[in-house]
Amino acid sequence: MRTGLAVGLCVALLALGCAHASSSRRPPDPPPARLRAIREAGTPRRVVLITVAGLESADFLAPTGFVATGNDAVRMPALGRLAAEGVIGVAARPPAPGSTYAAHATLVTGLRSDRHGVVADDALDAEGQHALPFWDSRGLRATTLWDAALGRGVLALGWPTTDGARIELLVPDTEPDPAAGDWLGFQRGRSTPLLMAELERIAREQLAESPRDANGARRTLAGWPTLAERDGAWIELACHVARSERDPALWLLRLVEPVAALSLDGYGSAAHAAALVRVDARIARLVDCLAEADRLADTAILVVGDVAHRPVHTEIAPNTALVRENLIGRDPRSKTGVRSWLALARSQGRSAYVYAREAAGALAAREVLEEEARRSGAFDVVPASDLAGQGADPQAWFGLAARPGFVLGDALTGPLLRPAELRSAAGGFPFREGAASAVGFVAWGRGIRGGVRMPELALVDVAPTIARLLGLRLDEKLDGRPMIGILRASQPLPPPGPKRLGVGTDGGSEGALRALGGGREGGGER
C-alpha cells in the first residue's frame, strides 16, 4: 500500500514537473497588436520588406530545424518569433547569379536577371576600364513595386538600384568615391530632404555615443557611418516615419551589417553571430515602433536573405590565363588594369561571366579556361545554354563556377590560384549549387497565414506576392508567381495602366546602361 502510494506520489510530482517545464518553454502570448495582426481578417495597409545580408533559415530556427522554443539557443530570437507566428521559408532561391543587386532587383520586379537588366552587382564599361555599379534606377528595365505603388507612398532606405527613382521617401544605396567627400554630403542631393534632416540628427546622436574610432581618433560626420550605424539609422528613420503623418504602403529596407563579418571573419564566426544578434534587435525595434504608432495590426512584414555566403579559402584569377594568351592587354594606369581586351572574365564571387568582342575571342578564351579548369580542379566552365536557361546575363559568352571553397577574382597578374583574402563569398550560380545557395524567408502579419512552413521558394515569387497583398499591378508576364498558400487574403489587381515612367528619355544614360553588358550585343552567336 505504501509502495503504491509512493509510486503514485512520484508520478504526480513528475507530471507536475513536466507541466511546469512545458509551460516555461511555451512563449508568452503575443501582445494585442500582434494578435490583431496575425488573427484579424483583411488585407494589410502596408507591407514592410526587409532584406538581411546573408540571412539563412538556420539563423532564426532552432538547431533541430524546427521553430525555436523558450529554451532553444537561437541567433535571432525576435525573427524566430515572427517565423513561429507566421510563415517560414526554409530555402529561398536567389536569381542567377546570386549577387546582391541582382537579388534585390528580382525582389521588386518578379523577373529574372536577363529580363530586369540587373545582371550583377556591377559591370565593366565597353573598354573594360571602369566599373559601373547598378545604382541608377534606369538600369531596371521593368515595372518595379515602387512604380506600381506610385501615389500610395513608398519608403526605401538603402535599397539597391533606387538612385533617381520616383520614390516619395528615399535614401538610395549609393557610395561616394573616397575623394568625393563624406557619405552624408553625397546623399544630400539624392535623398528626400525630410529624411536627410532626420538622418543628420541620428548621425550626431550616434557620434555622441561612439565619439572615437578603433584607433582612438575623434570621429566627425565625415567619417560616419559604419555598416552597423547605417543599419541602425535605417531603423530609426523607419520609426520616425511610423510616428509621422506619412503612411507609405510599401517599405523597403536593406540591412547589411553581416557583410563585413562574413567577408573578413567568415560564415559561422563569432563576429558573424554578433552581427546577426544586432540585426535581430533592430527588427524587434521596428516591430515595437509600429506597435507604439498603432500601425502594427494592419502591417505585413517580410524578412528575407539576399544572397548566401559560403566559406572560401582559395582565390582563382582566370584573367591571368587570358593575359598570358594575349586576350587581355594590361594598363597599370587604369583603375581595372585593363588597356584592351578580346575576352575578359568578370567575377561575381563564386561565379563569373566571360565576355568577348567576337566569336573567335570567345572560343579562344573557352579553350584556355577549360584547360585551366581541368588542371586546377578549382572551377568549372558553364556553357551559354545553361546560363540562358536560368535567366543569367545574355551578353556573356559563357560562365565560370567555382567549386566549394574557391572564389573567383579579377586579378590580371600573379598565379592562377592564391590564398583568398575573403573568408566567405556570395555570387554563386543557384542552378548549380542547389541548397548551398539558399537564403531564409519569413512572412508575418495582416493577410499572412500562420503556422505555414515552405520547404522551398524563389525570390522571384516575392514581388508578385506583395503585389497581391497590396493590390498592385506589375508587368503582365512575370517569371514569378504569387505564393497563394501563405496568404489569408489578397486585394484584386487594378486594371492595366501605364507601366513605367521616365524610362528611355535620356539617350546618354541609355548608352551608358547598354555598356554594362561588357561590350557584347545580346542575341548574337555564342
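Residues numbered from 1 in each chain as written. Predicted model: local features only at pLDDT ≥ 70, side-chain atom pairs only at ≥ 80, totals over all residues. Heavy atoms only, no water.

**Student:** Outline the overall build of the protein chain, supporting the account with residue identities and numerical values.
**Tutor:** The helix and strand tally for the protein chain stands at 17 helices and 21 strands. The buried share of the protein chain, reckoned over its 526 residues, is 53%. Roughly 22200 Å² of accessible area belongs to the protein chain as shown, and the carbon and sulfur atoms make up 54% of that amount. (Helix = DSSP H or I, 4+ residues; strand = E, 2+ residues; numbered from the N terminus. Buried < 20%, exposed > 50% of the residue type's maximum accessible area, 1.4 Å probe, protein only. Areas by Shrake-Rupley, 256 points an atom, 1.4 Å probe, with all protein chains shown as cover.)

**Student:** Break down unusual backbone geometry for me, citing the residues and quoting the values.
**Tutor:** Trans is the prevailing form of peptide bonds, just as negative phi is the prevailing case for residues other than glycine. Residue P97 follows A96 across a cis peptide bond; omega there is -5°. Within the secondary structure, P97 sits in the loop between β2 (87-93) and α4 (100-109). Cis geometry is found at the peptide bond from W224 to P225, where omega equals 5°. In this structure, D294 takes a positive phi of about 60° despite not being glycine. Within the element layout of this structure, D294 appears in the loop between α11 (270-292) and β8 (299-305). Here N326, not a glycine, exhibits a phi torsion of approximately 60°, which is positive. Turning to its location among the elements, N326 is positioned in the loop between α12 (318-324) and β10 (328-330).

**Student:** Give me the lowdown on the layout of surface pockets, citing residues and values where you can.
**Tutor:** Put simply, the largest pocket is a space of about 1000 Å³. T100, D121, D122, V259 and S263 are, among the 39 residues lining the largest pocket, the residues nearest its centre. Every element with two or more residues in the lining of the largest pocket is listed here: α4, α9 (227-243), α10 (258-264), β12 (343-347), β16 (405-408) and β18 (424-425). For the lining of the largest pocket, the element with the highest residue contribution is α9, accounting for 3 residues. (1 Å grid on protein atoms, 1.4 Å probe; cavity = no way out; pocket = protein on both sides within 12 Å on 5 of 7 lines; lining within 4 Å. Points joined across faces, edges and corners; volume = space filled by probe spheres on them.)

**Student:** So what about α11? Which residues, and what values?
**Tutor:** Because the α-helix completes a turn every 3.6 residues, residues three or four places apart line up on one side. Counted at 1.5 Å a residue, the expected span for α11 with its 23 residues is 33 Å, and the 33 Å between its end C-alpha atoms agrees. Among the residues of α11, those classed as buried are H272, A275, L276, V279, D280, R282, I283, L286, V287, C289 and L290. Residue D294 follows α11 closely and has a positive phi angle near 60°. (Expected span 1.5 Å × (residues − 1).)

**Student:** So, the state of the cysteines: which residues are in play, and what are the values?
**Tutor:** For the structure shown, the criterion picks out 1 disulfide. Note on cysteine connectivity: C239 is disulfide-linked to C289, with sulfurs 2.1 Å apart. An S-S torsion of about 90° defines the bridge between C239 and C289 as right-handed. Of the two residues, C239 sits in helix α9 while C289 sits in helix α11, which places them 50 residues apart along the sequence. (Disulfide = S-S within 2.5 Å.)

**Student:** Describe the nonpolar core, and please don't skip the residues or the numbers.
**Tutor:** Ranked by internal contacts, the top residues of the largest apolar core, which has 51 residues, are W146, F441, I466 and I486. Of all the elements, helix α16 (residues 462-470) adds the most residues to this core, at 6 residues. Beyond its immediate chain neighbours, meaning those up to four positions away, I486 contacts V87, F441, A443, G447, I448, R449, V452, M454 and T465. V48, L157, V171 and I283 belong to the second largest nonpolar core, which has 49 residues in total. (Core = buried A, V, L, I, M, F, W, Y, C linked by side-chain atoms within 4.5 Å. Contact = heavy atoms within 4.5 Å.)

**Student:** Quick one: what's the story with the pattern of salt bridges, residue by residue and with numbers?
**Tutor:** This structure, assessed with the given rule, holds 36 salt bridges. Across the salt bridge formed by R295 and D247, the nearest N and O atoms sit 3.8 Å from each other. With a gap of 48 residues between them, R295 in the loop between α11 and β8 and D247 in the loop between α9 and β7 (250-255) connect regions that are remote in the sequence. A relative accessible area of 11% means that R295 is categorised as buried. Connected via shared salt-bridge partners are R45, R46, D247, R295 and D298. (Salt bridge = Lys/Arg side-chain N within 4 Å of Asp/Glu carboxyl O.)

**Student:** So, the packing of helix α8 (residues 193-209) against α9: which residues are in play, and what are the values?
**Tutor:** At their nearest, the axes of α8 and α9 sit 10 Å apart, and the two run at 130° to each other. The angle between α8 and α9 places the two elements in the oblique class. In the packing of α8 onto α9, the handedness of the crossing is right-handed. Seen from α8, the contacting residues are L195, E198, L199, I202 and Q206; seen from α9, they are E229, G232, A233, W234, E236, L237, H240 and V241. Of the residues contributing to the contact of α8 with α9, the split by class is 7 nonpolar, 3 polar and 3 charged. (Axes fitted to C-alpha atoms, helices over the stretch in contact; angles between N-to-C directions. Parallel < 35°, antiparallel > 145°, perpendicular 65-115°, else oblique. Left-handed = near helix turned anticlockwise from the far one by under 90°. Nonpolar A, V, L, I, M, F, W, Y, C, P; charged D, E, K, R; others polar.)

**Student:** How would you explain empty space enclosed by the protein if you had to name every residue and give the values?
**Tutor:** The tally for this structure, following the rule as stated, stands at 2 cavities of 30 Å³ or more. The calculated volume of the second largest cavity comes to roughly 40 Å³. Taken together, P94, G98, A308, R350, G427, G428, P430 and S437 make up the full set of residues lining the second largest cavity. A per-class count over the lining of the second largest cavity returns 3 nonpolar, 4 polar and 1 charged.

**Student:** Give me the lowdown on the packing of aromatic side chains, citing residues and values where you can.
**Tutor:** A full pass over the atoms with the stated rule returns 5 aromatic pairs. Both rings, one in W183 and one in W234, keep their centres 6.0 Å apart while their planes meet at 55°; by these two values the pair is tilted. Linking W183 in helix α7 (residues 183-188) with W234 in helix α9, this pair joins segments that are 51 residues apart in sequence. Put simply, the rings of Y353, Y355, F429 and F431 touch in pairs and so form one group of aromatic residues. Here the guanidinium or amino end of R190 rests over the ring plane of F186, the centre of that ring lying 3.9 Å away. (Phe/Tyr/Trp six-rings, centres within 6.5 Å; stacked < 30°, edge-to-face > 60°. Lys NZ or Arg CZ within 6 Å of the ring centre and 35° of its normal.)

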